[in-house]
Amino acid sequence: MQLSTLKPKHPRKKHKRIGRGGKRGTTSGQGTKGQKSRAGASVRPGFRGGDNRIWQLFPKQRGASKKHGNKRPHRKHRFFAMHRAGPAEVNLRSLDAFREGDTVSPATLADKKLVPAGARDIKVLGSGTLSRRLSFEGVRMSASAKEKIEKAGGTVLSGK
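Peer 1: Is there a simple way to think about the pairing of strand E3 (residues 122-125) in this case?
Peer 2: Consecutive side chains of a regular strand alternate in pointing toward one face of the sheet and then the other. Taking every second residue as pointing to the same face, the buried face of E3 carries Ile-122 and Val-124, while none of Lys-123 and Leu-125 on the other face is buried. Relative to E3, strand E1 (residues 88-91) runs parallel, the two sharing four bridges. Among the inter-strand pairings, Ala-88 is bridged to a residue of E3, identified as Ile-122. The sheet contact formed by E3 and strand E5 (residues 140-141) spans two bridges and is parallel. Looking at the pairing, Lys-123 lines up with Arg-140 of E5.

Here is the structure:
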């Protein structure tokens, strides 16, 4: 078998070119007359035949905080609200990447690619089981995670 002799199992299907004479007639399935029957024609999204666009019909929020470029968004405006991300979460089942007796800290979690590099806040959750004795330093944890860690013989040195 040569690369130059390879052929697809099914031949490529050519797309139908309409409006060029032949068996389909003059309108070629486009209907008769009107903007949408013309070549290259399209109607702008949101255009309602000269009527107001739908988003112009709804009431607006008043105030300078709605305007673009404002550095301090008002809390009532959903679109401009600041989204604060929660802590980076690590489940107990993913801590099998560590060896017996290792210390789990934000730096070691980032080295093993279990949390994004530079994650400030990390929380260990109790999903799964822990089979190794690990010591934890500088991470928060749920009550169920702390219980499972201590049951496995691990230690929690300091949490945030």
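Anyway, onward from the coordinates.
Peer 1: Which parts of the structure should I look at to understand the sheet that holds E1?
Peer 2: Two modes of strand pairing occur in sheets, parallel and antiparallel, and in both the strands are linked by backbone hydrogen bonds. Pairing in this open sheet of three strands is parallel, and the strands run E1-E3-E5 from one edge to the other. Here the strands that pair on one side only, and so sit at the sheet edges, are E1 and E5.

Peer 1: Help me understand the pattern of salt bridges in this model?
Peer 2: Any two side chains of opposite charge can pair, given that their charged atoms come close. A full pass over the atoms with the stated rule returns four salt bridges. With its nearest N and O atoms 3.6 Å apart, the salt bridge here joins Glu-100 to Arg-133. Here Glu-100 is found in the loop between E1 and strand E2 (103-104), whereas its partner Arg-133 is found in the loop between E3 and strand E4 (135-137), with 33 residues between them in sequence. Relative accessible area serves as the criterion here: at 46%, Glu-100 is assigned to the partly exposed category. Taking the shortest distance from any N to any O, the salt bridge between Asp-121 and Arg-140 comes out at 3.0 Å. Placement of the pair is Asp-121 in the loop between helix H2 (106-111) and E3 and Arg-140 in strand E5, with a sequence separation of 19 residues. Judged by relative accessible area, which is 29%, Asp-121 ranks as partly exposed.

Peer 1: Got a minute to help me understand the packing of aromatic side chains in this structure?
Peer 2: Between two aromatic rings, the relevant description is the distance of the centres plus the angle of the planes. All told, the structure shown has zero aromatic pairs when counted by the stated rule. The cationic tip of Lys-112 hangs over the ring face of Phe-98; the distance from NZ or CZ to the ring centre is 5.3 Å.

Peer 1: Would you mind showing me how to read the side chain of Ser-135 here?
Peer 2: Tracing the sequence through the fold places Ser-135 in strand E4. Among the polar contacts listed, one links the side chain of Ser-135 to the side chain of Thr-103, at a separation of 3.2 Å. Contacts of Ser-135, omitting those with residues within four sequence positions, involve Asp-102, Thr-103, Val-104 and Thr-155.

Peer 1: Can you walk me through the environment of Trp-55 in this structure?
Peer 2: In this fold, Trp-55 is placed in helix H1 (residues 54-57). Excluding anything up to four places from it in sequence, Trp-55 contacts Pro-45, Gly-46 and Lys-60.

Peer 1: I keep staring at the environment of Val-139 and nothing clicks. Help me out?
Peer 2: Looking at the secondary structure, you find Val-139 in the loop between E4 and E5. Val-139 gets classed as buried once you look at its relative accessible area, which sits at 1%. Along the sequence, Val-139 and Ser-105 sit 34 residues apart, while their C-alpha atoms lie 6.5 Å from each other.

Peer 1: Explanation requested: the side chain of Ser-142 in the structure shown.
Peer 2: Among the structural elements, Ser-142 can be located in the loop between E5 and helix H3 (143-151). According to the relative accessible area criterion, Ser-142 is buried, its value standing at 18%. Filtering out sequence-adjacent residues up to four positions away, Ser-142 remains in contact with Lys-123, Val-124, Leu-125 and Gly-126.

Conventions adopted
- Residues numbered from 1 in each chain as written.
- Predicted model: local features only at pLDDT ≥ 70, side-chain atom pairs only at ≥ 80, totals over all residues.
- Heavy atoms only, no water.
- Buried < 20%, exposed > 50% of the residue type's maximum accessible area, 1.4 Å probe, protein only.
- Helix = DSSP H or I, 4+ residues; strand = E, 2+ residues; numbered from the N terminus.
- Pairing = 2+ DSSP bridges.
- Salt bridge = Lys/Arg side-chain N within 4 Å of Asp/Glu carboxyl O.
- Phe/Tyr/Trp six-rings, centres within 6.5 Å; stacked < 30°, edge-to-face > 60°.
- Lys NZ or Arg CZ within 6 Å of the ring centre and 35° of its normal.
- Polar contact = N/O pair within 3.5 Å; in protein donor to acceptor, adjacent residues only side chain to side chain.
- Contact = heavy atoms within 4.5 Å.

Any functional reading would require information beyond the geometric quantities listed.
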